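Overview (structure and organization)
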Amino acid sequence: MIEAQGLVKVYGNKPAVQGVSFTVQPGRVTGFLGPNGAGKSTTMRMIMGLDRPTSGDVLVNGKHYAKHRAPLREVGALLDAKAVHTSRSAYNHLRAMAATHSIPTKRVHDVIELTGLGAVAKKRVGGFSLGMGQRLGIAAALLGDPQTIILDEPVNGLDPEGVLWVRNLVKALAAEGRTVFLSSHLMSEMALTADHLIVIGRGRIIADAPIQDILNNRAQRVRVRTDRPDVLTRALAGEGVSVEAREPELLEVSGVPARAIAETALAQQVLVYELTPLQASLEEAYMDLTKDEVEYHSGPVADVHDHAGNAESGRHAAVAAGAGQEGN
Amino acid sequence: MSAATLTPQAGRVTGHGVSFPRTLHSEWIKFTTLRSTWVLLATTVLVMVGIGLLGGWGIATGLDQMESAGQDPAAAGMDSSLLYLMTSGGLDFGQLIIGSLGVLLIASEYSTGMIRSTMTAVPSRLSPLFAKAFVVAVVAAVVGILSSFITYFLLQPILANYGREFGLDVDNLVQSMLLSGVYLAIVALMGLALGSLLRNSAGGIVTLVVLLLVLPIVAQIIPFDWVQDGVMPYLPSNAGRQMVMLETADGDLTQWQGGLVMAAWAAVLLAGAAVTTKARDV
């Protein structure tokens, strides 16, 4: 369990986190989603006591992290895959970490085995790929068999097999009743992994809800195929309704339920040969939530998707810019 | 590699907590598992022994030549007590390597990000700093003492050629050889403190060299009395040099005073390192 109360962190004049409050519950995977520079890593560093909050407070398992008698057995964290001396071997790194809590060498071997580092454990970490570095960071996080696991961008640099492995791992950890707090800027990954989402943008919490609620909150879109799109478009027009022509006979309607569209079509004597309610993707929901909160906006990409309109492609470009590695 | 191999006891918070001896053990593992540590330590011993032997051989040759030329070495300020000092004659160079080791021990953790792992495992922050201090001070002392004794024993056969060998029963000789270990320990602590304060290897090493080598030279060429009498003797390497003397002149710092002044430098720097380690974000 992680409880943050009014966390604020200001670096110089630049506010990184501005009054963040949330609770991460055990037994489920909580995703921490936000664009680059939104304050995810800073918040996680404050949880781990590495950064001192400018104001506010955060407790892990009921105490400040630093107040725990055996912190590694309470909380395991992957904050930065590079938090390892590059000249030391993975095995010796884990052994040194384990020694602080008298964690037996067997456990070191276990986490090396678990994270698939067996073949490279005796090699210098400096030669590791980004993915192997992530695995080592996860191994270190699991070393103390902790109740709470905090992972900052754990799938960064992992191959598809590794991504799947992390997804199954965090789900299994949550299923065991542990608290799992996972940050990412990749909504697609979150959609598959998290049960609950905390969305942060520009240092503020934008949403804190079960992932299903975040998806449902978005206006329902319906795909309509009709041979008279012009008539139907006019008939559906109204407050809060948007109709976009995707293809000559394909419309995407939002703001009107599927049944009401069918009724309108019936009244207008228009033939409809497809009427499909669309599940909003998390990506769309996320873009809606964060469109004003992206720190680094990209310029619009002209004419890449001419059917989508300029505003939309501009937004997609902003996500593309967010797909790189988090800088802080 | 499946999640099923996780240990089943969820939420288990039993077992050992953090303690200073465990932190010390961890720091010892970290210290000994870097190849650079061993390279620097071996280099220190080699350099110190090498310089001590060369110095001893040179002095013995010089004394011999003066005597055979009918000169009195004492009139030129030379006597066999200079030979005794050669047991720790490599200290000036050895201190630079050991001091650098102290800087690197902590600055490399900041540059690689390792410090975040360290501070996560031991969040009280001061324990890892003091455990590092303990490890590096003890190792530096052992290296210093070892080098002095190796130098002593290798020097005797060389000096025997000149009939100038000496025993360990020379007044204060063993004390001086032991204190050369203390000298290196203090330098290592100064390096560690500077590395922690500056969080930067190059900056830490340069600052240490300024403190140990440059300041004494600068002070020497400033002709004011208050610098000569009030500053010079209290610079860390000058005070430390008094500590390893076999005998000190009247008016100079005694061995004890020199040692305490040098230790005060390390203590002040370490206190500063402790305060900033506690206060700053990692």
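Residues numbered from 1 in each chain as written. Chains lettered and ligands numbered in written order. Predicted model: local features only at pLDDT ≥ 70, side-chain atom pairs only at ≥ 80, totals over all residues. Heavy atoms only, no water.

Helix and strand content of chain A: 12 helices and 13 strands. A burial count over chain A gives 52% of its 328 residues as buried. Summarising the internal contacts of chain A: among those between residues at least 6 apart in sequence, 70% fall at separations of at least 24. (Helix = DSSP H or I, 4+ residues; strand = E, 2+ residues; numbered from the N terminus. Buried < 20%, exposed > 50% of the residue type's maximum accessible area, 1.4 Å probe, protein only. Contact = heavy atoms within 4.5 Å.)

Let's shift gears to the environment of S254 of chain A. All names here are of chain A. For S254, the location among the structural elements is in strand β12 (residues 250-254). In sequence terms S254 and V222 are 32 residues apart; their C-alpha atoms lie 6.2 Å from each other. Once residues within four sequence positions are removed from consideration, S254 is found in contact with Q220, R221, G240, V241 and S242.

Residues and elements named next belong to chain A. Here we have three strands laid out as an open sheet, ordered β2-β1-β4, and antiparallel in their pairing. Every interior strand has two partners, whereas the edge strands, β2 (14-24) and β4 (55-60), have only one. Each strand axis lies, on average, 20 degrees off the axis of its neighbour in the sheet, ignoring direction. Relative to β2, strand β1 (residues 2-11) runs antiparallel, the two being bridged by eight bridges. (Pairing = 2+ DSSP bridges. Axes fitted to C-alpha atoms, helices over the stretch in contact; angles between N-to-C directions.)

Moving on, we come to the domain arrangement of chain A. You can read the domains of chain A as domain 1 (2-210) and domain 2 (221-278). For domain 1 of chain A versus domain 2 of chain A, the distance between C-alpha centres works out to 46 Å. (Domains from an automatic or database assignment.)

Another aspect to go through is the interface of chain B and chain A. Between chain B and chain A, the contact holds 40 residues from the first and 51 residues from the second. Run the count over chain B and chain A and you get one salt bridge. Note that D281 of chain B is salt-bridged to K9 of chain A, the shortest N-O span being 2.6 Å. Joining chain B to chain A, the criterion identifies 15 residue pairs in polar contact (both at pLDDT 80 or more). Sorting the residues of the side of chain B that touches chain A by element identifies α1 (20-32), α4 (91-112), α5 (114-121) and α11 (255-279) of chain B as the ones contributing at least two each. Among the elements that take part in the side of chain B that touches chain A, α5 of chain B stands out by supplying six residues, more than any other. Within the side of chain B that touches chain A, the residues separate by chemical class into 15 nonpolar, 18 polar and seven charged. (Salt bridge = Lys/Arg side-chain N within 4 Å of Asp/Glu carboxyl O. Polar contact = N/O pair within 3.5 Å; in protein donor to acceptor, adjacent residues only side chain to side chain. Nonpolar A, V, L, I, M, F, W, Y, C, P; charged D, E, K, R; others polar.)

With that settled, consider empty space enclosed by the protein. Think of a ball as big as a water molecule: rolled over the atoms, this probe shows where empty space is left. If you walk through the whole model with that rule in mind, you get six cavities of 30 Å³ or more. A volume near 180 Å³ is recorded for the largest cavity. Around the largest cavity, the lining is made up of 17 residues, and of these A77, L78, L79 and A83 of chain A together with S117 of chain B lie nearest the centre. Looking at the lining of the largest cavity, the elements with two or more residues in it are β5 (75-78), α3 (90-99) and α5 (130-142) of chain A together with α5 of chain B. In the lining of the largest cavity, the residues fall into 10 nonpolar, five polar and two charged. (1 Å grid on protein atoms, 1.4 Å probe; cavity = no way out; pocket = protein on both sides within 12 Å on 5 of 7 lines; lining within 4 Å. Points joined across faces, edges and corners; volume = space filled by probe spheres on them.)

For the rest of this paragraph, the subject is the nonpolar core. All names here are of chain A. Counting 146 residues, the largest nonpolar core has I2, F22, I47, M48, L94, I150 and F181 as the members making the most contacts within it. Ignoring sequence-local partners within four residues, the contact set of I47 consists of I2, F22, V58, V60, Y65, I150 and F181. Residues L251, V253, I261 and A265 belong to the second largest nonpolar core, which totals nine residues. (Core = buried A, V, L, I, M, F, W, Y, C linked by side-chain atoms within 4.5 Å.)

For the rest of this paragraph, the subject is the pattern of salt bridges. Residue and element names in this part refer to chain A. For the structure shown, the criterion picks out 23 salt bridges over all chains. One salt bridge in this structure joins K106 and D110, with 3.0 Å as the shortest N-O distance. Separated by four residues within a single helix, K106 and D110 lie in helix α4 (residues 105-114), roughly one turn from each other. For D110, a relative accessible area of 29% translates into the label partly exposed.

Time to look at helix α6 (residues 160-175) of chain A. Residue and element names in this part refer to chain A. Helix length check: α6 (16 residues) gives 23 Å between terminal C-alpha atoms against 22 Å at 1.5 Å per residue, within 8%. The inward-facing, buried residues of α6 abut β3 (29-33), α4, α5, β6 (148-152), β7 (179-184) and α7 (187-193). Backbone geometry just after α6 places G177 at a positive phi near 95 degrees. (Expected span 1.5 Å × (residues − 1).)

Moving on to the sheet that holds strand β10 (residues 221-226) of chain A. Residues and elements named next belong to chain A. Read across the sheet, four strands follow the order β11-β12-β10-β13 without closing on themselves; strand pairing throughout is antiparallel. Unpaired on one side and paired on the other, β11 (242-247) and β13 (272-278) mark the two borders of the sheet. Going across the sheet, the axis of each strand differs from the next one's by a mean of 20 degrees, ignoring polarity. Bridge count between β10 and β13: six bridges; the pairing is antiparallel. From the neighbouring strand, R223 faces β13, where its bridge partner is T276. Here helix α9 (residues 229-236) sits on the sheet and contacts β10, β11, β12 and β13; the angle it forms with β12, its principal contact strand, is near 10 degrees. Across the sheet, helix α10 (residues 258-268) touches β10, β12 and β13, and the angle it forms with β13 is around 160 degrees.

This part takes up the packing of aromatic side chains. The tally for this structure, following the rule as stated, stands at seven aromatic pairs over all chains. Summarising the aromatic geometry, the rings of Y152 of chain B and F153 of chain B are spaced 4.9 Å apart at their centres and angled 80 degrees between planes, so their arrangement reads as edge-to-face. Here Y152 of chain B and F166 of chain B contribute two aromatic rings whose centre-to-centre distance is 5.6 Å and whose plane-to-plane angle is 65 degrees, an arrangement assigned as edge-to-face. Placement of Y152 of chain B in helix α6 (residues 126-160) and of F166 of chain B in the loop between α6 and α7 (173-198) is noted, with a sequence separation of 14 residues between them. Given a relative accessible area of 5%, Y152 of chain B falls into the buried group. The ring of Y91 of chain A is capped by K122 of chain A, whose NZ or CZ atom sits 4.8 Å from the centre of that ring. (Phe/Tyr/Trp six-rings, centres within 6.5 Å; stacked < 30°, edge-to-face > 60°. Lys NZ or Arg CZ within 6 Å of the ring centre and 35° of its normal.)

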